[in-house]
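This is what each chain is made of:
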Amino acid sequence: MPRINRRTLFGLAGAGAAAAAGAGAVLAADHLTPPGTDAVVPFRGARQAGITTAAQDHLYFVALDVTTTDRAELVDLLQRWTLAAERLTTGAEVAVDGAIGGHPEAPPEDTGEALGLPPAHLTLTFGVGPTLFTRDGVDRFGIADRRPPKLIDLPEFAGDAIEAGRSDGDLCIQACADDPQVAVHAVRNLIRMGFGTTAVRWAQMGYGRTSSTVVGQATPRNMFGFKDGTANITAEDTDGLVRHIWAGAEDGPGWMTGGSYLVARRIRMAIEPWDRTSLVEQEEIVGRYKGTGAAWGPPTSSPTSTSPPSAPTGSRWSGSTRTSASPTPRHWAGCGSCAAATTSSTASTPRGTSTRDCSSSASSATPGPSSCRCSRRCRRAT
């Protein structure tokens, strides 16, 4: 069965990070830089880059554990990372003549795989996790009182398969770029600088945009061939950013003001059974038309209709209940049938979410590739 693997929330300490309920705190910057391999996104700003920046095509994300107990060593590393990141985002080496200009008998200061490559719209976003403040009740670096109250782990969701070795972390670095080698080079060198002070806990590479962050970007398609993320807040929606993304003075300690939260999750997509599923079943599961990305409805509904579908005679719909005997990926809001249920907004729903009322039944009481049994309110972040 495909499962959703939850990843921890990291607060980005430097300027602020992306939005998600109760996980990490981050500092970010809203940089609207046109895409292009020669584009430079400024590292310094009111908030960190990489949150409202026009989304790039490639990502390298790494979570690290702090291995030192010396606060001065940690502070020194963060300061060196800041200077290095500022250079890397301009397309420069991590140090002047770092790859080939040093002593020939010593290891180069820069690994060199990005020599001659343009900046590629590189952004580097840094974050801190809950365990940097306290671990097992111990104030590790004298900063326990500066931990934002919302910087906590999410509860486990239905279908989660948590892997401890690929979760959590004291620090995180997100590198995004139009060239994958530029992103890898940046993280590789920052990791290298941390030897003796930090150690990699887990890492994830990614390619292909799965969302739009600015108005000028078209909504991309995911690996199922569908457009998703159409309700994401764009960088131009300043009121929406203030309301849903950036932390305010009432959200915790002063360093978090103007920052945000980041949730990193790995989602397994069962491609093989999906590729053997009929088009109508795919659209029913996702809740959108594959061609246009418009909200889906039964055959009697208009492709652009956003109202709850009525049940046509002989269909598998009956009110809000759908019975399916074909493979149903269970990574849709924790229940395979939720994506096909009607969507409605409720006063009790948290900001930034839509509520899908669903009650699905299957021929088998034991969950399997062809069954999903649930009767509850399923929420899926927009």
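Residues numbered from 1 in each chain as written. Predicted model: local features only at pLDDT ≥ 70, side-chain atom pairs only at ≥ 80, totals over all residues. Heavy atoms only, no water.

1. Things to note about the overall build of the chain
In plain terms, the rule: Labels follow the DSSP assignment, with helices taken as runs of H or I lasting at least four residues and strands as runs of E lasting at least two, numbered in each case from the N terminus. Exposed residues in this analysis have more than 50% of their type's maximum accessible area, buried residues have under 20%, and partly exposed residues fall in between, with area computed by a 1.4 Å probe over protein chains only. Contacts are assigned to residue pairs with any non-hydrogen atoms lying within 4.5 Å of each other. For every accessible area listed, the method is Shrake-Rupley and the probe measures 1.4 Å; residues are considered covered only by the protein chains on display.
Within the chain, the secondary structure is distributed over 5 helices and 17 strands. Expressed as a percentage of its 382 residues, the buried residues of the chain come to 47%. Considering only contacts in the chain between residues 6 or more positions apart, those separated by 24 or more positions represent 69%. Surface summary for the chain: the accessible area is close to 17,900 Å², and the carbon and sulfur share equals 54%.

2. Some remarks on the nonpolar core
Test applied: In these notes, a set of buried Ala, Val, Leu, Ile, Met, Phe, Trp, Tyr and Cys residues joined through side-chain atoms within 4.5 Å is what counts as a nonpolar core.
Within the largest apolar cluster, 33 residues are counted, with the highest numbers of intra-cluster contacts made by Leu124, Leu132 and Ile173. Among the elements of the structure, strand 4 (58-66), helix 1 (71-88), strand 5 (123-128), strand 8 (171-177) and helix 2 (180-193) are those that each provide at least two residues to this core. If we skip the residues at most four places from it in the chain, leucine 124 touches Phe43, Gln48, Ala49, Ala85, Leu88, Thr89, Ile173, Gln174, Ala175, Ala186 and Leu190.

3. Notes on the packing of helix 1 against helix 2
What counts here: What counts as an axis is a line fitted to C-alpha atoms, over the stretch in contact for a helix, and the angles between N-to-C directions run from 0 to 180 degrees. Working rule for angles: under 35 degrees goes down as roughly parallel, over 145 as roughly antiparallel, 65 to 115 as roughly perpendicular, anything else as oblique. Each helix crossing is assigned a hand: it is left-handed if the near helix lies turned anticlockwise from the far helix by less than a right angle, otherwise right-handed if that turn is clockwise. As a working rule, the residues Ala, Val, Leu, Ile, Met, Phe, Trp, Tyr, Cys and Pro are called nonpolar, Asp, Glu, Lys and Arg charged, and the rest polar, with Gly in that last group.
Viewed as axis vectors pointing N to C, helix 1 and helix 2 meet at an angle of 155 degrees, and their least axial separation amounts to 10 Å. Classified by the angle between their axes, helix 1 and helix 2 sit roughly antiparallel to one another. For the element pair helix 1 and helix 2, the recorded crossing hand is right-handed. Where helix 1 abuts helix 2, its residues Leu77, Arg80, Trp81, Ala84 and Leu88 lie against His185, Ala186, Leu190 and Met193. Here the residues of the contact of helix 1 with helix 2 sort into 7 nonpolar, 1 polar and 1 charged.

4. Some thoughts on the packing of aromatic side chains
Which entries qualify depends on this criterion: Pairing of aromatic side chains requires ring centres within 6.5 Å, counting the rings of Phe and Tyr and the six-membered ring of Trp. Pairs whose planes differ by under 30 degrees are stacked, by over 60 edge-to-face, and all others tilted. Here, over-ring charges are defined by two tests on the NZ atom of lysine or the CZ atom of arginine: distance to the ring centre within 6 Å, and angle to the ring normal within 35 degrees.
Enumeration over the complete set of coordinates arrives at 6 aromatic pairs. Judged by centre distance (6.3 Å) and plane angle (90 degrees), the ring pair of phenylalanine 43 and phenylalanine 126 falls under edge-to-face. Note that phenylalanine 43 is positioned in the loop between strand 3 (26-27) and strand 4 and phenylalanine 126 in strand 5, a separation of 83 residues in sequence. Look at phenylalanine 126 and you get buried, because its relative accessible area is 10%. Members of the aromatic cluster, joined through ring pairs, are Phe43, Trp81 and Phe126. Sitting above the plane of the tryptophan 246 ring, arginine 47 keeps its charged end 4.4 Å from the centroid.

5. Describing the pattern of salt bridges
Just so we agree on the cut-off: Think of a salt bridge as a Lys or Arg side-chain nitrogen and an Asp or Glu carboxyl oxygen that are within 4 Å of each other.
Scanning all chains against the criterion turns up 8 salt bridges. A salt bridge links arginine 135 to aspartate 170, with the nearest nitrogen and oxygen atoms 2.8 Å apart. With a gap of 35 residues between them, arginine 135 in strand 6 (residues 134-135) and aspartate 170 in the loop between strand 7 (138-139) and strand 8 connect regions that are remote in the sequence. The exposure class of arginine 135 is partly exposed, given its relative accessible area of 31%. The class of aspartate 170 is buried, set by a relative accessible area of 0%. Residues arginine 140 and aspartate 170 are paired through a salt bridge, measuring 3.1 Å at the closest nitrogen-oxygen approach. With arginine 140 in the loop between strand 7 and strand 8 and aspartate 170 in the loop between strand 7 and strand 8, the pair connects residues that are 30 residues apart, well separated along the chain. Connected through shared salt-bridge partners, Arg135, Arg140 and Asp170 make up one network.

6. Here's the deal with helix 1
Defined as follows: Helix span is expected to be 1.5 Å times the residue number reduced by one. This arc corresponds to the set of directions leading from the helix axis out to the C-beta atoms. Polar contact is the term for a pair of N or O atoms within 3.5 Å; when the atoms are in protein, one must be able to donate a hydrogen and the other to accept it, and sequence-neighboring residues count only if both atoms are side-chain atoms.
Counted at 1.5 Å a residue, the expected span for helix 1 with its 18 residues is 26 Å, and the 26 Å between its end C-alpha atoms agrees. For helix 1, every residue scored as buried is listed here: Leu74, Leu77, Trp81, Ala84, Ala85 and Leu88. Within helix 1, the buried residues cover an arc of 100 degrees as seen down the axis, which keeps them to one side. Exposed side chains of helix 1 directed beyond 90 degrees from the buried face belong to Ala72 and Leu83. For helix 1, the side-chain oxygen to backbone nitrogen distance between the N-cap and alanine 72 is 2.8 Å, and the N-cap itself is aspartate 70.

7. So, unusual backbone geometry
Although it is not a glycine, alanine 120 sits at a positive phi angle of roughly 60 degrees. Position of alanine 120 relative to the elements: it lies in the loop between helix 1 and strand 5. What makes alanine 120 buried here is its relative accessible area of 1%. In this structure, histidine 121 is a non-glycine residue whose phi angle is positive, near 65 degrees. Structurally, the position occupied by histidine 121 is in the loop between helix 1 and strand 5. Histidine 121 gets classed as buried once you look at its relative accessible area, which sits at 0%.

8. Quick look at the side chain of glutamine 174
With respect to the secondary-structure elements, glutamine 174 resides in strand 8. From its side chain, glutamine 174 meets the backbone oxygen of glycine 50 in a polar contact 3.1 Å long. Residue contacts for glutamine 174: discarding those within four places in its chain leaves Gly50, Leu59, Tyr60, Phe61, Thr123, Leu124, Thr125 and Leu262.

9. Quick word on the sheet that holds strand 5
This is how the line gets drawn: Two strands pair if DSSP finds at least two bridges between them.
Within the open sheet, the 4 strands sit side by side as 5-8-4-9. Their pairing is antiparallel. The open sheet has two edge strands with one neighbour each: strand 5 and strand 9 (198-207). Pairs of neighbouring strands in the sheet enclose a mean axial angle of 15 degrees, with direction left out of account. Strand contacts of helix 1: strand 4, strand 5, strand 8 and strand 9, with the helix running at about 160 degrees to strand 5, the strand carrying the most contacts. Running at roughly 10 degrees to strand 4, helix 2 makes contact with strand 4, strand 5, strand 8 and strand 9 of the sheet.

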